[in-house]
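One-letter residues, chain by chain:
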Amino acid sequence: MIHFNVPPATGDELVYLEQAIQSGKICGDGDFTRKCNSWMERRFHAQKVLLTTSGTTALDMAMILCGLQPGDEVILPSFTFSSTATAAVLVGAKLVFVDVRPDTMNIDETRIEQAITDRTRVIVAMHYAGVACEMDTIMDIARRHNLKVVEDAAQAVMATYKGRALGTIGDFGCYSFHETKNLSMGEGGALVINNSAYNEQAEILREKGTNRAKFFRGQVDKYTWVDFGDSYLPSELNAAYLWAQLQKADEINDDRMRSWEIYRRELEPLAQAGKVELPVVPQGCVHNAHMFYLKCRDLEERTALIAYMKEQGIQLVFHYIPLHSSPAGWKFGRFDGQDLYTTVESDRLVRLPMYYGLRPEDIEEVVHHLYAFYGVAR
Ligand SMILES: *Cc1c(COP(=O)(O)O)cnc(C)c1O
């Protein structure tokens with residue numbers, strides 16, 4: 001059986017977990033949390049990074065920090081995970097869905113401006129498959145209309161746009177370390193804050209509304225409840241697991257990139273034969289091999305392919321049901337402009353097995369059965 005995903009483990013996780021337990025502190029914001037935060041700050045040239053309990057809660061924090069009021073509007077793609085949208089719903093914002101580009105499946109930057117109204121406050125750029133949205137254009141639109149930009153970089157840790165780490169370009173960036181992501185802590189994420197004016201409010205929000213972070217730094221002599229807050233601190237146990245992954249972040253990334261390149265090389269002839277389409281990575285974008293997907297002819301063919309591969313012991317998956325055609329998306333938002341690509345393209349997209357440690361012989365088996373399904377000789 002070739003699974004679609006296997007959670008990453010480098011072998012050092014137990015060592016750090018043991019250390020966390022021995023330290024006598026397993027709640028949040030201990031040594032491992034601090035080490036993870038500063039590793040990301042250095043590596044991604046980020047002003048400030050705070051570990052969170054998930055990518056979803058990092059998005060929640062970003063939306064709260066954007067200061068959204070009920071009735072404000074948030075522009076986002078419909079082709080995304082529910083978390084991108086629920087964060088906006090949490091603060092009472094209305095969702096305005098925009099179509100995606102068929103090449104990258106990212107929000108179509110040329111359709112954003114026409115969706116802006118006098119209630120628009122935020123644009124969410126979700127970097128699908130770790131391939132960057134067209135950030136220069138998006139940042140320019142945001143500047144001209146005085147909007148904030150939140151990067152949903154859940155899939156994009158270690159990926160860059162014109163040399164800059166994804167997550168560090170907009171006002172806020174949100175990472176996920178869920179077990180299905182490139183680097184993991186089981187459940188977890190991080191908020192990247194790119195404007196220091198938000199640092200203090202973010203720390204308060206994350207620490208149940210208290211100024212405890214300031215207290216620990218010796219900046220106040222007792223801590224107290226100062227504002228609205230919630231609990232977004234992961235435990236040191238999760239941070240210890242992530243620390244093992246960050247130590248090997250390049251090895252994990254290189255391994256995935258190798259697998260991605262094999263898929264691309266071996267499937268190129270199938271694409272040339274007109275049977276499938278392969279992912280596109282625009283110039284200036286360095287991706288992180290978060291996923292390898294194909295586009296089939298249509299939904300019917302995709303359904304048949306998934307069933308066929310399952311019989312061969314290979315697990316393929318698809319996503320997302322476009323949010324604007326889901327019950328909640330319908331309730332909390334509207335689609336601006338025409339749905340030229342979101343529905344048809346998502347219907348035919350299928351993801352191949354991709355994880356750290358995927359063996360070349362397993363890739364070969366997947367490729368072999370893909371050619372067999374399409375009746376193309378190699
Ligand atoms: C995984 C993911 C999230 C949510 O991250 P969690 O850590 O699972 O909460 C949000 N947005 C996108 C695009 C994702 O892929």
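Right above here is the structure, for reference.
Starting afresh in each chain, residues are numbered from 1 along the sequence in its written order. Local features are withheld for residues below a pLDDT of 70 in this predicted model, meaning they are given only at 70 or higher, and side-chain atom pairs are given and counted only at 80 or more; totals for whole chains, interfaces and linings count all residues. Water and hydrogen atoms were dropped before computing side-chain values, which therefore reflect all heavy atoms in the structure.

Asks: Could you give an account of the overall build of the chain, with specific residues and numbers?
Replies: Here a helix means four or more residues in a row that DSSP labels H or I, a strand means two or more in a row labelled E, and each is numbered from the N terminus. When helices and strands are counted, the chain shows 13 helices and 13 strands. Taking 378 residues into account, the globule formula puts the C-alpha radius of gyration at 21 Å, and the chain, at 21 Å, falls close to it. If one aligns the C-alpha atoms of the chain with their principal axes, the spans along those axes are about 75 × 55 × 35 Å. Within the chain, the proportion of its 378 residues that are buried is 56%. Restricting to contacts in the chain with at least 6 residues of sequence separation, those with at least 24 account for 71%. Surface accessibility in these figures is a Shrake-Rupley result with a 1.4 Å probe; residues are shielded only by whichever protein chains are displayed. Of the accessible surface of the chain, which amounts to about 16,000 Å², a share of 52% is contributed by carbon and sulfur atoms. In this description the radius of gyration comes from C-alpha coordinates, and the expected globular size is given by 2.2 Å times residues to the power 0.38. Note on exposure labels: buried denotes an accessible area under 20% of the residue type's maximum, exposed denotes more than 50%, and partly exposed covers the range between, all computed with a 1.4 Å probe on protein chains only. In what follows, residue pairs with any heavy atoms lying within 4.5 Å of each other are defined as contacts.

Asks: Give me the site of the ligand: which residues, what numbers.
Replies: Each residue is tested against the molecule or strand, and it is near if at least one of its non-hydrogen atoms lies within 4 Å. By nearness alone, 15 residues border the ligand, and G55, T56, D152, S176 and K181 come closest of all. Throughout this description, a polar contact denotes any pair of N or O atoms lying within 3.5 Å of each other; where both atoms belong to protein, one of them has to be capable of donating a hydrogen while the other can accept it, and for residues adjacent in sequence the pair is counted only when both atoms sit in side chains. Taking G55, its main chain carries an N or O atom lying 2.8 Å from an oxygen atom of the ligand. Here a nitrogen atom of the ligand and a side-chain polar atom of D152 are 2.8 Å apart. In isolation the ligand has 380 Å² of accessible area, and contact with the protein removes 93% of it. Of all the elements in the fold, those that place two or more residues in the shell around the ligand are α3 (55-65) and α4 (82-90). For the shell around the ligand, the residue count by class is four nonpolar, nine polar and two charged. Three classes are used, and their members are as follows: Ala, Val, Leu, Ile, Met, Phe, Trp, Tyr, Cys and Pro are nonpolar, Asp, Glu, Lys and Arg are charged, and the others, Gly among them, are polar.

Asks: Let's hear about the sheet that holds strand β7 (residues 164-165): which residues, and what values?
Replies: Two strands are counted as paired when DSSP detects at least two bridges linking them. Strand order in the open sheet formed by three strands is β7-β6-β10, with antiparallel pairing between adjacent strands. Two strands lie at the open edges of the sheet, namely β7 and β10 (285-286), each paired on one side alone. Bridge count for strand β6 (residues 160-161) against β10 is two bridges, and the pairing is antiparallel. Its bridge partner being in β10, T160 is matched across the sheet by V286.

Asks: Got a sec to walk through the pattern of salt bridges? Specific residues and values, please.
Replies: Think of a salt bridge as a Lys or Arg side-chain nitrogen and an Asp or Glu carboxyl oxygen that are within 4 Å of each other. Using the criterion set out here, one finds 32 salt bridges in the structure. Between R378 and E364 there is a salt bridge, with its nearest N and O atoms 2.7 Å apart. Of the two residues, R378 is situated in the segment after α13 (360-374) and E364 in helix α13; the sequence distance between them amounts to 14 residues. A network of salt bridges, in which partner residues are shared, links E113, D140, R143 and R144.

Asks: Which residues make up the nonpolar core, and what values do they have?
Replies: Among buried residues, the Ala, Val, Leu, Ile, Met, Phe, Trp, Tyr and Cys ones that are joined through side-chain atoms within 4.5 Å form a nonpolar core. Residues M40, L51, M135, I138, Y175, F177 and L183 are the most contacted members of the largest nonpolar core, which totals 54 residues. Those residues within four positions of I138 in sequence are excluded, and the remaining contacts are I107, E109, I112, I123, A125, C133 and V149. Counting residues in each nonpolar core, the second largest holds 32 residues, with L59, A62, A85 and A88 among its members.

Function cannot be read off these values alone, since they describe shape.
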